[in-house]
Amino acid sequence: LTSGKGALRGFRVTNPNGFSADDAFKFGEVSIELDLATVQSDPVVIKELVIQSPEIFYEFLQNGDSNLQTLNDTVQSRAKSSDSSASKEEGPKIIIENLYLRDGTVSVRAPLLNEKLSVPMPNLHLTDIGKKDNGATAREVADQTMQAVLKGAQDAVAKAQINVEQLTGAA
C-alpha cells in the first residue's frame, strides 16, 4: 500500500440477462499505480492501469443483439442517470494517465456458429482519461473504457473477417 501499487487477479464480469452463462470478460490481472500525493485529494490520479490478458466473450443473439453492446448500453444509461443526480456520494473524481489493455483475445459466438471463434484483440492504450474536466466519476471512466473495449472487440472481429450478420441470420 505504501508504494501506491496493487493488482487483482481473476477478475471477471458476467454476461447480462438473456445471454449465455459465460463471462463477458475475464481479466488475467488488473494492476494499478496511484500517484500517492493525490490519494486524499480530488481528483485522485492513477498513473497507470494495466489490464493484462483479458478474455472477451462477444456473443450475438439471433436478432443481432450482442452482450457487449448490452453491457455498454447499461453503463451509458447509468452514467447518464448519475449525471442528472450527481452528488458527492460518488466519491472523488479520477484521472487515469495511462490505461493499457494488453495481450487480449476475443471469442465470438453466434447462432450459426458451431463453436466459439477466438481471435487476438489489438492492444489498447488510452491516455488522460478525465484530465480535461479535472477528473471523471468512476462511471464516466467505466463508460470510456467500455467504449474502447467494444471498439477493440469489433475491430478484432472485423480484422478476422467474421461477418456477424451472416452468422446471426439478422438482416
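A brief look at the structure comes next. No experiment lies behind these values; they were computed from the predicted model shown. (Residues numbered from 1 in each chain as written. Predicted model: local features only at pLDDT ≥ 70, side-chain atom pairs only at ≥ 80, totals over all residues. Heavy atoms only, no water.)

**Thoughts on the packing of aromatic side chains**
Under the counting rule described, the total for this entry stands at three aromatic pairs. An angle of 15 degrees between the planes, with centres 5.6 Å apart, marks the rings of Phe11 and Phe27 as stacked. Taken together, the positions of Phe11 in strand β1 (residues 5-14) and Phe27 in strand β2 (residues 23-34) put the pair 16 residues apart, joining distant regions of the chain. For the ring pair Phe25 and Phe27, a centre distance of 5.9 Å and an interplane angle of 10 degrees mean the geometry is stacked. Residue Phe25 is classed as buried on the basis of its relative accessible area of 5%. Classification of Phe27 by relative accessible area gives buried; the value is 13%. Directly above the aromatic system of Tyr100 lies the positively charged group of Arg102, at a separation of 4.3 Å from the ring centroid. (Phe/Tyr/Trp six-rings, centres within 6.5 Å; stacked < 30°, edge-to-face > 60°. Helix = DSSP H or I, 4+ residues; strand = E, 2+ residues; numbered from the N terminus. Buried < 20%, exposed > 50% of the residue type's maximum accessible area, 1.4 Å probe, protein only. Lys NZ or Arg CZ within 6 Å of the ring centre and 35° of its normal.)

**Overview of the environment of Asp23**
Within the fold, Asp23 resides in strand β2. By relative accessible area, which is 12% here, Asp23 ends up buried. Separated by 10 residues in the primary sequence, Asp23 and Val13 place their C-alpha atoms 5.8 Å from one another. Those residues in contact with Asp23 that sit more than four places away from it in its chain are Arg12, Val13, Thr14, Asn15 and Phe57. A distance of 2.7 Å separates a polar atom in the side chain of Asp23 from a polar atom in the side chain of Arg12. (Contact = heavy atoms within 4.5 Å. Polar contact = N/O pair within 3.5 Å; in protein donor to acceptor, adjacent residues only side chain to side chain.)

**Examining unusual backbone geometry**
With omega at 15 degrees, the peptide bond leading from Asp42 into Pro43 counts as cis. Residue placement: Pro43 occurs in the loop between β2 and β3 (44-59). If you check the backbone angles, Ser53 has positive phi at about 55 degrees while not being a glycine. Using a relative accessible area of 32% as the deciding quantity, one classes Ser53 as partly exposed.

**Section: helix α2 (residues 138-159)**
Across its 22 residues, α2 extends 31 Å between first and last C-alpha, which sits within 8% of the 32 Å expected from 1.5 Å per residue. Restricting attention to buried positions, one finds in α2 the residues Val141, Asp143, Thr145, Met146, Ala148, Val149, Leu150, Gly152, Ala153, Ala156 and Val157. (Expected span 1.5 Å × (residues − 1).)

**Details of the nonpolar core**
Of all hydrophobic cores here, the largest spans 34 residues; its most connected members are Phe25, Ile56, Tyr58, Leu68, Ile96, Val106 and Val108. Of all the secondary-structure elements, those providing two or more residues to this core are β2, β3, α1 (67-84), β4 (94-102), β5 (105-109), β7 (124-129) and α2. For this core, the element with the most residues is α2, which contributes eight residues. The contacts of Tyr58, once residues within four sequence positions are left out, are Ser66, Asn67, Leu68, Val106, Ser107, Val108, Arg109, Leu150, Ala153, Gln154 and Val157. (Core = buried A, V, L, I, M, F, W, Y, C linked by side-chain atoms within 4.5 Å.)

**Describing the side chain of Asn67**
Mapped onto the elements of the fold, Asn67 is located in helix α1. With relative accessibility at 0%, the residue Asn67 sits in the buried group. Side-chain polar atoms of Asn67 contact the side chain of Asn15, separated by 2.7 Å. In this structure Asn67 touches Asn15, Pro16, Phe19, Ala24, Phe57, Tyr58 and Glu59, once residues within four positions along its chain are discounted.

**What about the side chain of Thr145?**
Among the secondary structure elements, Thr145 is positioned in helix α2. Residue Thr145 is classed as buried on the basis of its relative accessible area of 15%. Among the polar contacts listed, one links the side chain of Thr145 to the backbone oxygen of Val141, at a separation of 2.8 Å. Setting aside its immediate chain neighbours within four residues, Thr145 contacts Leu99 and Leu126.

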